[in-house]
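Okay, here's what each chain looks like letter by letter:
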Amino acid sequence: MAKISARDAHKKRRAINNLKAKIDILKARFNEEVTQLQRVCPHENVIECDYQPMNPDSALPPKRVCRDCGISEDGWGSGYKILRNKREHDLKLRLHIPMVSREIVYEERIMIHPEGLETE
Ligand SMILES: [Zn+2]
């Protein structure tokens, strides 16, 4: 590849920095809109994967994800808090929560608060 002048390199770098700034704005908008959707979603399109033993001392927790808004939650301990609501009883009785592979749950989730609900 032919060398470019310092002036052209500087211009190119400015263009790259402008693109990075646009990406940051889009990321912030994406996080805001997904957060809003996850706040108002009734979470009625939920799938679940089972826990996964890793070695004799540890396992990945069972996990649910709402296919409509992408929020996901681990099921250890006291169980689900967000993907369990007052309809949980009805969901279990009337609607089957499909058990799927962990890969599908990972594909469907949208992680915007990595320090939040997730433990992996
Ligand atoms: Zn939802």
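All values derive from a computational prediction rather than experimental measurement. (Residues numbered from 1 in each chain as written. Predicted model: local features only at pLDDT ≥ 70, side-chain atom pairs only at ≥ 80, totals over all residues.)

A. Molecular detail of the overall build of the protein chain. Of the regular secondary structure elements, the protein chain holds three helices and five strands. Ordered by position from the N terminus, the helices and strands of the protein chain form the series α-β-β-β-β-β-α-α. Taking the contacts inside the protein chain whose residues are at least 6 apart along the sequence as the reference set, 52% of them involve residues at least 24 apart. (Helix = DSSP H or I, 4+ residues; strand = E, 2+ residues; numbered from the N terminus. Contact = placed C-beta atoms within 7 Å.)

B. Fine view of the sheet that holds strand β5 (residues 72-74). Spatially, the three strands line up as an open sheet ordered β1-β4-β5, and their pairing is antiparallel. The open sheet is flanked by β1 (46-49) and β5, the only strands paired with a single partner. Between one strand axis and the next, the sheet turns through 20 degrees on average, direction left out of account. Pairing of β1 with strand β4 (residues 63-66), which is carried by four bridges, proceeds in the antiparallel orientation. Note that in β4 the partner of Cys 49 across the bridge is Lys 63. (Pairing = 2+ DSSP bridges. Axes fitted to C-alpha atoms, helices over the stretch in contact; angles between N-to-C directions.)

C. Geometry of unusual backbone geometry. In this model, His 43 sits at a positive phi of 50 degrees, which is unusual for a non-glycine residue. Mapped onto the elements of the fold, His 43 is located in the loop between α1 (6-40) and β1.

D. Local environment of the pairing of strand β2 (residues 52-55). Here β2 runs beside strand β3 (residues 58-60); their pairing, made up of three bridges, is antiparallel. Looking across to β3, one finds that Gln 52 is bridged to Leu 60. Hairpin remark: β2 followed by β3, antiparallel, with two residues in the connecting loop.

E. Just the UniProt feature "coiled-coil region" (unreviewed entry) in the protein chain, in detail. Using the residue numbers shown here, the UniProt feature "coiled-coil region" (unreviewed entry) corresponds to residues 9-36. Its end C-alpha atoms 41 Å apart, residues 9-36 is made of 100% helix and 0% strand. (UniProt positions renumbered as here; feature names shortened; annotations may be inferred.)

F. View of the pairing of β4. Side chains Lys 63 and Val 65 project from β4 onto one buried face, and the interleaved Arg 64 and Cys 66 project onto a second face that is buried too. Alignment of β4 against β5, held across three bridges, turns out to be antiparallel. By the bridge assignment for β5, Lys 63 is matched with Asp 74. Counting the residues in the hairpin turn of β4 and β5 gives five residues, including Gly 70, whose phi is positive at 85 degrees. (Buried ≥ 20, exposed ≤ 12 C-beta atoms within 10 Å, placed from the backbone.)

G. Just the confidence of the model for the protein chain, in detail. The predicted model of the protein chain has a mean per-residue pLDDT of 85, with 83% of residues at 70 or higher. When mean pLDDT is taken per element in the protein chain, helix α3 (residues 102-108) scores highest with 97 and helix α2 (residues 88-94) scores lowest with 54. (pLDDT = per-residue confidence, 0-100.)

H. Spotlight on α1. Between its first and last C-alpha atoms α1 spans 51 Å; for 35 residues at 1.5 Å apiece the expected length is 51 Å, and the two agree. With zero of 35 residues buried, α1 is to be regarded as a mostly surface element. (Expected span 1.5 Å × (residues − 1).)

I. Region of the structure containing the nonpolar core. Among the nonpolar cores identified, the biggest contains seven residues, and these are Val 46, Val 65, Cys 66, Cys 69, Ile 71, Tyr 80 and Leu 83. Setting aside chain neighbours within four positions, we find Tyr 80 in contact with Arg 64, Glu 73 and Gly 75. (Core = buried A, V, L, I, M, F, W, Y, C linked by C-beta atoms within 7 Å.)

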